[in-house]
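So the chains spell out like this:
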Amino acid sequence: MKLIDTHCHLTFDDLKDDIDGVVARSIEAGVCSWVTVGTEPGRLEGVIALTDRFENMYAALGYHPHDAKSVSDDDLLDLRKLCANDKVVAVGETGLDFFYDYSPRQVQKDIFRAHLKIAEDLKLPVIIHTRNAFDETMDVLDEYKGRLKDVVIHCFSGTEEQTRLVLDRGYHVSFTGIVTFKKAKETRQAAKMVPLDRLMVETDCPFISPVPVRNQRPCEPALMIHTARKIAEVKEMSLEDFAEKVTETSKKFFGLL
Ligand SMILES: [Zn+2]
Ligand SMILES: [Zn+2]
């Protein structure tokens, strides 16, 4: 079995110091490929450098909506340049976070649009972060209708209606360990609705450890096996069949075939 963790932050402090152990445990668990996501101005080169050390490790680069207010025009130029690297398979995460509101909403929208323009120009798929801003996020994406190679809504925990709106637009949906949480009935319902050719799995580590290891800190890619097992269960299929299908979907999405 060979799963892909389609969204992790392996350069974050909690994981980078033990990266060889993190990668070894991941492979042992059947998670043999990673898209590590860089989010901070000035630290994106380090993400590419890490991917150069490991086979089957790729990068997605962007500036998190939290940091939108500190992103300069030079930072955006850097992003555009770095995204041309062979190891970069997506732009993002980018989007809107109106839950924390760490950056003014208008600034978040402007920086989001700048990312979408880069994704369009470089013909790269884009990873979307959206929290308490679903409608506004869809509105901005709609401005780029027909211009983006592919879109995934990451760490998805939307309602049935939101799931439908995402699928209608042809986007992909990616699930974290949230789908394993006892109270996350709605998210499991969403996982049921999303067809396998649009569904991906991620840890978003070092955050969000899945049940039954929910208290483990930091979360790491090896733990994604629990999330995959839960979704396979929801879809009433074997873990092996599920893994094969979502791995194919992920490879297609990120152009890893
Ligand atoms: Zn995110
Ligand atoms: Zn993330």
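What comes next is a walk through the structure.

So, about the overall build of the chain. In terms of regular secondary structure, the chain is built from 10 helices and eight strands. Relative to the compact-globule value of 18 Å for 257 residues, the chain shows a C-alpha radius of gyration of 17 Å, a close match. In terms of its C-alpha atoms, the chain occupies a principal-axis envelope of roughly 45 × 40 × 35 Å.

For the rest of this paragraph, the subject is helix 5 (residues 105-122). Here helix 5 is 18 residues long and its end C-alpha atoms lie 26 Å apart, about the 26 Å a rise of 1.5 Å per residue gives. Within helix 5, the full set of buried residues consists of Gln108, Lys109, Ile111, Phe112, Ala114, His115, Leu116, Ile118 and Ala119. Packed against the buried residues of helix 5 are helix 4 (73-82), strand 4 (88-97), strand 5 (126-131) and helix 6 (134-143). Positive backbone phi, at 55°, marks Lys123, one or two positions downstream of helix 5.

What is expected of a backbone is that most residues other than glycine have negative phi and most peptide bonds are trans. Here the amide bond leading from Cys205 into Pro206 is cis, since omega sits at 15°, within 30 degrees of zero. With an omega of 15°, the peptide bond between Val211 and Pro212 qualifies as cis. Topologically, Pro212 is positioned in the loop between strand 8 (199-201) and helix 9 (224-234). In this model, Asp101 sits at a positive phi of 50°, which is unusual for a non-glycine residue. Turning to its location among the elements, Asp101 is positioned in the loop between strand 4 and helix 5. Notably, Asn132 is not glycine yet its phi reads approximately 55°, a positive angle. Tracing the sequence through the fold places Asn132 in the loop between strand 5 and helix 6.

Another aspect to go through is the pairing of strand 2 (residues 31-38). Along any regular strand, the residues point their side chains to alternate faces of the sheet. A large share of strand 2 lies buried, amounting to seven of its eight residues. Bridge analysis of strand 1 (residues 3-8) against strand 2 gives four bridges, and the strand direction is parallel. Directly across from Leu3, in strand 2, lies its bridge partner Val31. Here strand 2 pairs with strand 3 (residues 57-61) via five bridges, running parallel.

Overall, parallel pairing links the eight strands, which are arranged 1-2-3-4-5-6-7-8 in an open sheet. Sheet topology places strand 1 and strand 8 at the edges, where each strand pairs with a single neighbour. Within the sheet, the average angular offset between the axes of one strand and its neighbour, ignoring direction, is 25°. Where strand 7 (residues 172-175) and strand 8 come together, three bridges link them in parallel fashion. From the neighbouring strand, Phe175 faces strand 8, where its bridge partner is Val201.

Rules and cut-offs
- Residues numbered from 1 in each chain as written.
- Chains lettered and ligands numbered in written order.
- Predicted model: local features only at pLDDT ≥ 70, side-chain atom pairs only at ≥ 80, totals over all residues.
- Helix = DSSP H or I, 4+ residues; strand = E, 2+ residues; numbered from the N terminus.
- Rg over C-alpha atoms; globule rule 2.2 N^0.38 Å.
- Expected span 1.5 Å × (residues − 1).
- Buried ≥ 20, exposed ≤ 12 C-beta atoms within 10 Å, placed from the backbone.
- Contact = placed C-beta atoms within 7 Å.
- Pairing = 2+ DSSP bridges.
- Axes fitted to C-alpha atoms, helices over the stretch in contact; angles between N-to-C directions.

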